[in-house]
Number of protein chains: 2
Amino acid sequence: MTKPNINPNSAVVLLSGGIDSTTTLAMAKANGYQVRTITFDYHQRHFQELAAARLLAQKFGVEDHLVFPLDLGPIGGSALTANIKVPKNRIESEMSTHIPITYVPARNTIFLAIALAWAESLGAGSIFIGANAIDYSGYPDCRPDFIDAFQNMANLGTRSGIEGARIIVNAPLIHMTKAQIIQEGVRLGVDYSLTLSCYDPDTLGRACGECDSCLIRRRGFEDARIPDPTIYCPAYREIKSK
Amino acid sequence: MTKPNINPNSAVVLLSGGIDSTTTLAMAKANGYQVRTITFDYHQRHFQELAAARLLAQKFGVEDHLVFPLDLGPIGGSALTANIKVPKNRIESEMSTHIPITYVPARNTIFLAIALAWAESLGAGSIFIGANAIDYSGYPDCRPDFIDAFQNMANLGTRSGIEGARIIVNAPLIHMTKAQIIQEGVRLGVDYSLTLSCYDPDTLGRACGECDSCLIRRRGFEDARIPDPTIYCPAYREIKSK
C-alpha cells in the first residue's frame, strides 16, 4: 500500500474569530505551518463572527479561507442556534459547574469531522483547534480526553489514517488559562480588537460585555494585566463607567 | 448531577434510501424503537436518493424525517461530491483492495456527528447506522473499530455522555453480508424496489447496474437467491438481455 500524499507542514485551522481560535492561528503560523482556515456559518445571530474571521484570515495571510455553511437550526438544543435568550452576568460558580444553554450538542465533533474531511482532501497533515479545558465554561467537547478520542477515531475512520499517514489534531491551548492565551497572542502580535468573543453582539459587532463569553474574556485581560481592546456596545460602556 | 432526559427507546436512524440503511430502519422499527430518520442532502447528483429516503420514511411511519443540507462540494476529494466519473464494471478484486474514488473523506464521521447532535437534542438514546464491514467496498469508516472509536468519542464529547446517559451507536449490519442483509429485510417486509443504491442513477432514479454499488447490490440478490426487484435504466436492461 502506498502512503497517501499528506504534507505534515500543511494545516487546517478552525477559526471562529474569537480569542482562542485566533491565537491558535497565530501559533500555527509562528510554527511555520502553511495554513488554511475554516469558519462555520452555523447560525445567523453571529454574522459578525464571520466578518471577524475573514478579516483575521486575511491579516494572517492564509492560503485559503473556507466558510462552510452548516445550518444547525433543525438540530436544536442550544441558545446559540435556537431562539433562546443567552444568559447574562452569571456568577463564576454557575459557569464552571453547569453546562450552559449555549452548549451546542456535539459541536466540536461536527466541526472537527468537517475539518478532518477537508484536511484529508487537501493532503494537510494537521488540524488546529482552539479548544480549552480551563475556561471552557462547561463544554464537554473542549477537554483533552475528547480530543484524544477524536484523534483515535480519525486514525481509524479515514483513508489516510488507516494507510499510515495520520492527520494530527492539535489543541495547543488545551491546558492554558485565558490570561496565558492572551499573553501568548500579544507576544505573537495578535490584534485582539479585531476578534469577537461575544455570544450576543449588536449589529455593529460590538460586544455585550455580559454573556459568559464576554465575562471570561474580560477576566482574561484583567488576569493577563493587558488593557482590554474589546469594543463594547454603548449600554455596557455606560454601566462600566458608573 | 442529574441525568439528562434520554429515552433509550427513542432512536435516530441514518437513512440514505439504499438497501443497508433501509434494512437498518426496518430492524429498529421491528425492535420497538420510536424512530426518527435523518437524510443528508450532500450532493446534487443524488436527488433521487432524497426522494427514495423520504418515501421509505413515510412507509415506515417514522415520527419525524429530517433532510439535513450538507454541501460537501467545497471539501472535495470524492467522485460522489466533485465532478469525477464514477467507475463502472470494476472487478471484485479491485473493489476489495482499493479505496475507491467514491470514498468521501470522513463521511460517516460527519454524518454520525450530526446524528449525535440531533439525538442529544431530542433526548434519543440510540443512533442506528447501516455501516457494513463485509461489503463496504473499501471504506475505512464502515469497520467495527471505527464505530467503537466513535462511540468512545461520543461518550466523552457530549453532555449526555459525561453525565451518565450515553447515546448508543448501533451498527446492526456490521458483520452481515449483503445477502444476509437482504434476507433479513425481506423477512421484515422491506420492499427493495423502493430503495436506491446506485451511485449514478438516471433522472428517473433508475439504477445504472454497473457502478460498485450496483455490482454489490446485484450480487447480494443473487447470493440471497431472491429475485432482484431493482429498476434498471434501459441501457443496462439491454446489455442484460443479451
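Rules used throughout
- Residues numbered from 1 in each chain as written.
- Chains lettered and ligands numbered in written order.
- Predicted model: local features only at pLDDT ≥ 70, side-chain atom pairs only at ≥ 80, totals over all residues.
- Helix = DSSP H or I, 4+ residues; strand = E, 2+ residues; numbered from the N terminus.
- Buried ≥ 20, exposed ≤ 12 C-beta atoms within 10 Å, placed from the backbone.
- Contact = placed C-beta atoms within 7 Å.
- Pairing = 2+ DSSP bridges.
- Core = buried A, V, L, I, M, F, W, Y, C linked by C-beta atoms within 7 Å.
- Least-squares fit on C-alpha atoms with pLDDT ≥ 70 in both.
- Axes fitted to C-alpha atoms, helices over the stretch in contact; angles between N-to-C directions.
- Expected span 1.5 Å × (residues − 1).
- Nonpolar A, V, L, I, M, F, W, Y, C, P; charged D, E, K, R; others polar.

Student: Sorry if this is basic, but what is going on with the overall build of chain A here?
Tutor: The helix and strand tally for chain A stands at 9 helices and 5 strands. Reading chain A from its N terminus to its C terminus gives the helix and strand order β-α-β-α-β-α-α-β-α-α-β-α-α-α. In chain A, which comprises 242 residues, the share counted as buried stands at 50%. Contacts spanning at least 24 positions in sequence make up 72% of the contacts within chain A whose residues lie at least 6 apart.

Student: What exactly am I supposed to notice about the pairing of strand β4 (residues 124-128) of chain B here?
Tutor: All names here are of chain B. Of all 5 residues in β4, 5 are buried; the element is thus mostly enclosed. The sheet contact formed by strand β1 (residues 7-14) and β4 spans 4 bridges and is parallel. The residue of β4 that forms the bridge with A11 is S126. As paired strands, β4 and strand β5 (residues 168-170) are joined by 3 bridges and run parallel to one another. Bridge assignment links S126 to a residue of β5, and that residue is I168.

Student: Can you walk me through the nonpolar core in this structure?
Tutor: Nonpolar side chains in soluble globular proteins tend to be buried together. Within the largest apolar cluster, 134 residues are counted, with the highest numbers of intra-cluster contacts made by A115, L116 and I127 of chain A together with A115, L116 and I127 of chain B. Apart from the residues lying within four places of it in its own chain, the contact partners of L116 of chain A are I127, A154, T158 and I167 of chain A together with A106 and T109 of chain B.

Student: Would you take a moment to explain the relation of the copies chain A and chain B for this structure?
Tutor: Mapping one chain copy onto the other needs a rotation about an axis and a shift along that axis. Under the fitted operation, chain A is carried onto chain B by 0.0 Å of movement along the axis and a turn of 180°, and the coordinates agree to an RMSD of 0.0 Å. Read as a symmetry element, the transformation amounts to a two-fold axis. Residue I110 of chain A, judged by its C-alpha, is the member of chain A lying nearest the rotation axis, at 3.0 Å. Most of the interface of chain A is mirrored in chain B, where 100% of its interface residues are also at the interface.

Student: Could you clarify how one ought to interpret the sheet that holds strand β4 (residues 124-128) of chain A in this entry?
Tutor: Sheets are built from strands paired through backbone hydrogen bonds, the pairs being either parallel or antiparallel. All names here are of chain A. Taken in spatial order, the 5 strands make up an open sheet running β3-β2-β1-β4-β5, and their pairing is parallel. Only two strands of the sheet have a single neighbouring strand rather than two, namely β3 (64-69) and β5 (168-170). Taking the axes of each pair of neighbouring strands and ignoring which way they run, one obtains an average angle of 25° across the sheet. Across the face of the sheet, helix α2 (residues 47-59) comes into contact with β2 (34-41) and β3 while running at roughly 170° to β2.

Student: Just checking my understanding: could you explain the environment of A28 of chain A for this structure?
Tutor: Residues and elements named next belong to chain A. Locating A28 in the fold gives a position in helix α1 (residues 19-30). When the C-alpha positions of A28 and N9 are compared, they lie 9.8 Å apart, and in sequence the two are 19 residues distant. The contacts of A28, once residues within four sequence positions are left out, are A11, V13, Y33, V35 and F128.

Student: Could you clarify how one ought to interpret helix α4 (residues 107-122) of chain A in this entry?
Tutor: Helical geometry: 3.6 residues make up each α-helical turn, so side chains three or four residues apart lie on a common side. The terminal C-alpha atoms of α4 of chain A, which comprises 16 residues, lie 23 Å apart, in line with the 22 Å expected from a rise of 1.5 Å per residue. A positive phi of about 80° marks G123 of chain A, the residue just after α4 of chain A.

Student: Looking at this structure, how should I read the interface of chain A and chain B?
Tutor: Accessible area lost on assembly of the parts is the figure often given for the size of an interface. Tallying the contact residues gives 36 residues for chain A and 36 residues for chain B. Counting residues per element, the side of chain A that touches chain B draws most heavily on α4 of chain A, at 10 residues. For the side of chain A that touches chain B, the class distribution of residues is 22 nonpolar, 9 polar and 5 charged.

Student: Would you take a moment to explain the sheet that holds strand β3 (residues 64-69) of chain B for this structure?
Tutor: Residue and element names in this part refer to chain B. Read across the sheet, 5 strands follow the order β3-β2-β1-β4-β5 without closing on themselves; strand pairing throughout is parallel. Looking at the sheet topology across the chains shown, the edges are occupied by β3 and β5. Going from strand to strand, the sheet's axes swing by 25° on average, the running direction of each strand aside. In terms of strand pairing, β1 meets strand β2 (residues 34-41) through 5 bridges, oriented parallel. Residue A11 lies in a different strand from β2, and its bridge partner there is V35.

Student: Hey, could you run me through helix α1 (residues 19-30) of chain B in this one?
Tutor: Residues and elements named next belong to chain B. In this model α1 runs 16 Å from its N-terminal to its C-terminal C-alpha over 12 residues, within 8% of the 16 Å that 1.5 Å per residue would give. The element α1 is extensively covered by neighbouring structure, given that 10 of its 12 residues are classed as buried. Within the sequence span of α1, burial applies to I19, D20, S21, T22, T23, T24, L25, A26, M27 and A28. Buried residues along α1 sit in contact with β1, β2, α2 (47-59), β4, α7 (178-187) and α8 (212-224).

Student: Explain unusual backbone geometry here, please?
Tutor: Phi is mostly negative for residues that are not glycine, and the peptide bonds are mostly trans. All names here are of chain A. Even without a glycine there, the phi angle at A106 is positive, about 55°. Residue placement: A106 occurs in the loop between α3 (92-97) and α4. Look at A106 and you get buried, because 32 C-beta atoms sit within 10 Å. One non-glycine residue, R225, lies in positive phi territory at about 55°.

Student: Can you walk me through the environment of Y192 of chain B in this structure?
Tutor: Residue and element names in this part refer to chain B. Structurally, Y192 is set in the loop between α7 and α8. With 22 C-beta atoms packed within 10 Å, Y192 lands in the buried category. For the pair Y192 and F60, spaced 132 residues apart in sequence, the C-alpha to C-alpha distance is 13 Å. The contacts of Y192, once residues within four sequence positions are left out, are I19, I182, G185 and P229.

Student: Would you mind showing me how to read the environment of G209 of chain B here?
Tutor: Residues and elements named next belong to chain B. Position of G209 relative to the elements: it lies in the loop between α7 and α8. Residues G209 and A235 lie 26 residues apart in sequence; the distance between their C-alpha atoms is 9.3 Å. If sequence neighbours within four positions are ignored, G209 has contacts with C214, Y232 and Y236.

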